[in-house]
Amino acid sequence: MTPKGEPRKSATSRQALVWLGLYLAAVTLPLFALLPGSESGYGFTWDFAMALGYAGVAMLGVQFALTARFKRATAPFGIDIVYYFHRYLAVCALVIVFAHYGLLRWNVPGMLAPVDPRFAPAHMTAGRIALGAFIVLVVLSLTRRALRLEYDNWRGMHAVLSSTAFALALWHVLGAAHYLDTAWKQVLWAVFGMFWLSLIAYVRVVRPWRIARRPWRVTEVRPERGRVHTLRLEPVDRRPLQFAAGQFAWLTLRASPFAMREHPFSIASSAECGMFIELSIKELGDFTSTIGSVKVGETAWVDAPYGTFGIDLRPDASGYVFIAGGIGIAPVLSMLRTLADRQDRRPLWLFYGNRIWERVAFREELDELVRRLDLRLIHVLQEPPAEWAGEQGLLTQEILSRHLPTERSGLECFICGPTPMTYIAELALGNLGMRASHVHSEIFDWV
Amino acid sequence: MRRETRARWLAAATAVTVVVLAALFAVLRNASDAEPRSAAATALAGDRVSVGQVALERLGCIACHSVGGRGNPTNSLDGVGRRRDATALREWTLGQGTAKGRLPPEVVRMKARAADDPDLPALMDYLATLR
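Here the structure is a predicted model, which means the values were calculated and not measured.

With that settled, consider the overall build of chain B. From N to C terminus, chain B includes 8 helices and 2 strands. Along its sequence from the N terminus, chain B presents helices and strands in the succession α-α-α-β-β-α-α-α-α-α. With 131 residues in all, chain B has 41% of them scored as buried. Relative to all contacts within chain B whose residues are 6 or more apart in sequence, the contacts with residues 24 or more apart total 49%. If you sum the accessible surface of chain B, you get close to 7000 Å²; carbon and sulfur atoms cover 58% of it.

This is the structure:
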C-alpha cells in the first residue's frame, strides 16, 4: 500500500479494535454489574461456573447482532469474516456454557436438580433444553454440507432453534437468579435479555419489512457461457443504489422477504450506474439450479450493498491484479466494468481459471474490456483445446510470475474463486513477495 | 493469513478473554474471604433464622428440596423439624452418620461442602423451625 493508504488502514484497525472492545463489554459488563453489593463468594469454582454461565448467555445474545448485517460494525472486518467469527464463536460459546454446566455438576451436583422435568424446577429444565438446542444448532451448522441439508431449510431451522434456545437460556438465568439478589439486578438482566430478543425481532420482522417496502423488478435474463445466467434488476421506485465495485447483494426471488430465503451474490455490473444491478449466477444447486427459469417482470427483493472486497477501498494502488476462478469472475467483472466506465488507465492483470474454453463466461466481453483498459488477460484452462497456446492446468506461482511485473509493491490483488484456488493464489503471491495486506480474497462459502 | 484463519484466531482470542474475565469475576467475589461477611451481610435481611433460610437456597439445597412449595417438590422439608431431632437433622444435612449410607455418593459429597459454611448453625436453626 502506498504511504497515502496507511492512515486508512490504521483507521480501519482502530475501528476493528473498538468493535472488539464493544463486543467484550456487551458480554462481560452485565456480569460485572452483578458484583457491587453482593455477598462474598462461595468459592472460586462455584463463582467461576456461574460467571461462565452468565457470559455464555451474553455471548449467545451477541451472536444475533453479528449476523444482523449492521454495515458500520461489519465494515472494518468484512462481512465474510464476521460470519466466520459468528460460526467459531458459537463453538467457543458452546464450550463456555458446557463448562458452566460441567463445573457445577462436578462441584455441586445436587444443585442441578433432577433431569426428569417432572421433578425439576422449570427454569432448570429450560436450561437443559437450551443447552441441548444449542448443541444441535452448532452440530447442524458445522455439518450442513456433509449432511446435504438444503440451505433454506437449514436457515429456517437455525432461526427457530437459536431464538428458542436463547429465550430458554434467559428463562434459566432469571429463574435460577444467582447474584440477582436485588430488584435492579433482576431488571438489568431482564432488560439485557429483552434487548437481544428485540434484536431478533428486528432481524426477522423489521428488516424484512423495510426490504419489502422497496421491490425490484427483473428486467432482463441473459444466458451466458458455462451455465451462468445474468439477471438485470431495477428498483421499482427508480431510486439508484449506491454501491462499490466488488460488493454483493442478498437476493430473494419467488418468496417473501419474511421467508428468510435470501442468497448472497456479487454484483457484476458497473458501480458507475446504480439505476440497475446485474447478478451473474451459475447453476450449482439448491436455489441457483432454478435461476434459468426466472422470467422478465418477476418481482425481486434486494438487500444491498454489503462487503469490503473491492478497488474503491484501495483507490491508491498503482495497478490491480485480479485472480478469478469460474463464477468468481462476477465481482471482478464489476470492478473491470467500473474502471472502464471511469476510463482508468492504470495497469491491470486478470488471471482467469476455467476448465473448458467453451464454458468461459464473459470471454467475449473481457476481450472488449482489453481494448478499453490497460488490461492483460491471462486465461488458464484445465482442459485446453488442441490448438491452445495459452496457460494451462491449474493456476500456479510460475504462471503468476511469468506475467506479473518485477516491481509489484504498489499493486493490490483481488482473488475470488473456489477455495483451493484461493489458497494456492494467496500462497503464490506471498512467495512472490506480495505483502498480505495487499492481497484480498472473497470467500465463496461463508453461508 | 487467510481470512477464515484470521476469523478463527479472532474468535479464539475473544473467547479466551471472556473466560479470563469470568475468572477475574470469581476472584473478585472471593477476594473478601479474609473478612468473612456472609452471615453478617445476610443478617441485614433479618434474624439468624432468615440467615439459615438464605443459606438453604445459596447452598443449592432447593434443587432437591422444597419449603412451602419453593424448590424441588420431590423432597419437601416441610415438617422436618418435627420429624428429626437436632442430631439427625445435622447428619442428614451434612451426609454423615446413618444418612451417609443411604445417600448417593455425589450427594454425600455435595452435602459435605456445607460443613465448612459459616452459616451452618443458622441453617440448622432454620430447619428446626420447620414444623
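Still more ground to cover, so stick around.
For chain A, the helix and strand inventory stands at 11 helices and 12 strands. For chain A, the C-alpha atoms occupy an extent of roughly 80 × 50 × 40 Å along the three principal directions. Put simply, 75% of the contacts in chain A that link residues at least 6 apart link residues at least 24 apart. In the structure as shown, chain A presents an accessible area of about 19100 Å², 61% of it carried by carbon and sulfur atoms. Computed over 46 positive and 38 negative side-chain charges, the inter-centroid distance for chain A is 4 Å.

All names here are of chain A. Spatial ordering of the open sheet is given by S10-S9-S8-S7-S11-S12, a layout of 6 strands whose pairing is parallel. Either end of the sheet is taken by a strand with one partner, and the two such strands are strand S10 (391–392) and strand S12 (439–442). Relative to strand S8 (residues 348–354), strand S7 (residues 319–325) is paired through 6 bridges, and the arrangement is parallel. Looking at the pairing, phenylalanine 322 lines up with leucine 350 of S8.

To continue, consider the nonpolar core. Membership of the largest hydrophobic core comes to 66 residues, with the highest contact counts inside it found for A:Val27, A:Tyr54, A:Met59, A:Leu89, A:Phe134, A:Phe166 and A:Trp189. Within the residue set of this core, elements represented by two or more residues are helix H1 (6–32), helix H2 (44–66), helix H4 (79–107), helix H5 (122–143), helix H6 (151–176) and helix H7 (183–212) of chain A together with helix H1 (3–30) of chain B. Take this core: its biggest share by element is 15 residues, from H2(A). Dropping the residues within four chain positions of it, A:Tyr54 is found in contact with A:Leu31, A:Leu34, A:Val173, A:Ala177, A:His178, A:Tyr179, A:Leu180 and A:Trp189. By size, the runner-up hydrophobic cluster in this structure holds 51 residues, among which are A:Ile311, A:Leu369, A:Phe414 and A:Cys416.

Note: α-helices contain 3.6 residues per turn, so residues at a spacing of three or four share the same orientation. For helix H8 (residues 120–128) of chain B, the complete set of buried residues consists of B:Leu120, B:Ala122, B:Leu123, B:Met124, B:Tyr126 and B:Leu127. The elements touched by buried residues of H8(B) are helix H3 (48–58), strand S1 (66–67), helix H4 (80–83) and helix H5 (86–94) of chain B.

Glancing now at the pattern of salt bridges. Residues and elements named next belong to chain A. Here the structure, examined in full by the defined rule, presents 28 salt bridges over all chains. A salt bridge links glutamate 220 to arginine 232; its shortest N-O distance comes to 3.7 Å. A residue pair is termed long-range when its members are at least 10 positions apart, and glutamate 220 in strand S1 (residues 215–224) and arginine 232 in strand S2 (residues 228–235) qualify at 12 residues. Arginine 232 gets classed as partly exposed once you look at its relative accessible area, which sits at 22%. The partner of glutamate 364 in a salt bridge is arginine 225, and the shortest N-O contact between them spans 2.7 Å. Of the two residues, glutamate 364 sits in helix H9 (residues 363–372) while arginine 225 sits in the loop between S1 and S2, which places them 139 residues apart along the sequence. You can call arginine 225 partly exposed: its relative accessible area is 25%. Taken together, the shared-partner salt bridges in this structure form one network comprising Glu220, Arg222, Glu224, Arg232, Glu278, Arg337 and Glu365.

Once that is clear, we can look at the pairing of strand S4 (residues 262–266) of chain A. Residues and elements named next belong to chain A. Of all 5 residues that make up S4, 4 are buried, and the element is covered over most of its length. Sheet topology places strand S3 (residues 248–253) next to S4; 5 bridges connect them, and they run antiparallel. Bridge pairing in S4 links phenylalanine 248 to serine 266.

This part covers unusual backbone geometry. Negative phi is the rule for most residues except glycine; trans is the rule for most peptide bonds. Residue and element names in this part refer to chain A. A cis geometry characterises the amide bond from alanine 304 onward to proline 305, with omega recorded as -5°. In this structure, proline 305 sits in strand S6 (residues 299–306). Phi angles above zero are rare outside glycine, and arginine 227 is one such case at about 55°. Despite not being glycine, arginine 254 has its phi angle at roughly 55°, a positive value. Take arginine 254: it is sitting in the loop between S3 and S4.

A separate point is a nonpolar patch on the surface. The grouping of A:Val205, A:Val206, A:Trp209 and A:Phe258 at the surface amounts to a nonpolar patch, some 370 Å² of accessible area in total. Within the secondary structure, A:Val206 sits in helix H7.

Moving on: the sheet that holds strand S5 (residues 277–282) of chain A. Paired through backbone hydrogen bonds, the strands of a sheet run either parallel or antiparallel to each other. Residue and element names in this part refer to chain A. Taken in spatial order, the 6 strands line up as S4-S3-S6-S1-S2-S5 in an open sheet, and their pairing is antiparallel. Of all strands in the sheet, those with a lone pairing partner are S4 and S5, marking the two edges. On average, each strand axis in the sheet is tilted by 40° relative to the strand beside it, whichever way the strands run. Sheet topology note: the S1/S6 ladder contains 3 bridges and is antiparallel. Considered in S6, the bridge of tryptophan 216 is made with alanine 300.

Turning to the packing of aromatic side chains, a few remarks are in order. Residue and element names in this part refer to chain A. Summed over all chains, the structure comprises 20 aromatic pairs over all chains. Between phenylalanine 64 and phenylalanine 166 the ring centres are 5.7 Å apart and the planes differ by 70°, which places this aromatic pair in the edge-to-face class. Placement of the pair is phenylalanine 64 in helix H2 and phenylalanine 166 in helix H6, with a sequence separation of 102 residues. Here the aromatic rings of tryptophan 189 and phenylalanine 192 are separated by 5.0 Å at their centres, their planes lie at 65°, and the arrangement is edge-to-face.

The subject of this paragraph is a positive patch on the surface. A surface patch of positive charge is lined by B:Arg82, B:Arg83, B:Arg84, B:Arg102 and B:Arg131. Within the element layout of this structure, B:Arg82 appears in helix H4.

Rules used throughout
- Residues numbered from 1 in each chain as written.
- Chains lettered and ligands numbered in written order.
- Predicted model: local features only at pLDDT ≥ 70, side-chain atom pairs only at ≥ 80, totals over all residues.
- Heavy atoms only, no water.
- Helix = DSSP H or I, 4+ residues; strand = E, 2+ residues; numbered from the N terminus.
- Buried < 20%, exposed > 50% of the residue type's maximum accessible area, 1.4 Å probe, protein only.
- Contact = heavy atoms within 4.5 Å.
- Areas by Shrake-Rupley, 256 points an atom, 1.4 Å probe, with all protein chains shown as cover.
- Lys, Arg positive; Asp, Glu negative; His and termini not counted.
- Charge placed at Lys NZ, Arg CZ, Asp CG, Glu CD.
- Pairing = 2+ DSSP bridges.
- Core = buried A, V, L, I, M, F, W, Y, C linked by side-chain atoms within 4.5 Å.
- Salt bridge = Lys/Arg side-chain N within 4 Å of Asp/Glu carboxyl O.
- Patch = residues over 30% accessible without salt bridge, like charges linked within 9 Å, V, L, I, M, F, W, Y side chains within 5 Å.
- Axes fitted to C-alpha atoms, helices over the stretch in contact; angles between N-to-C directions.
- Phe/Tyr/Trp six-rings, centres within 6.5 Å; stacked < 30°, edge-to-face > 60°.

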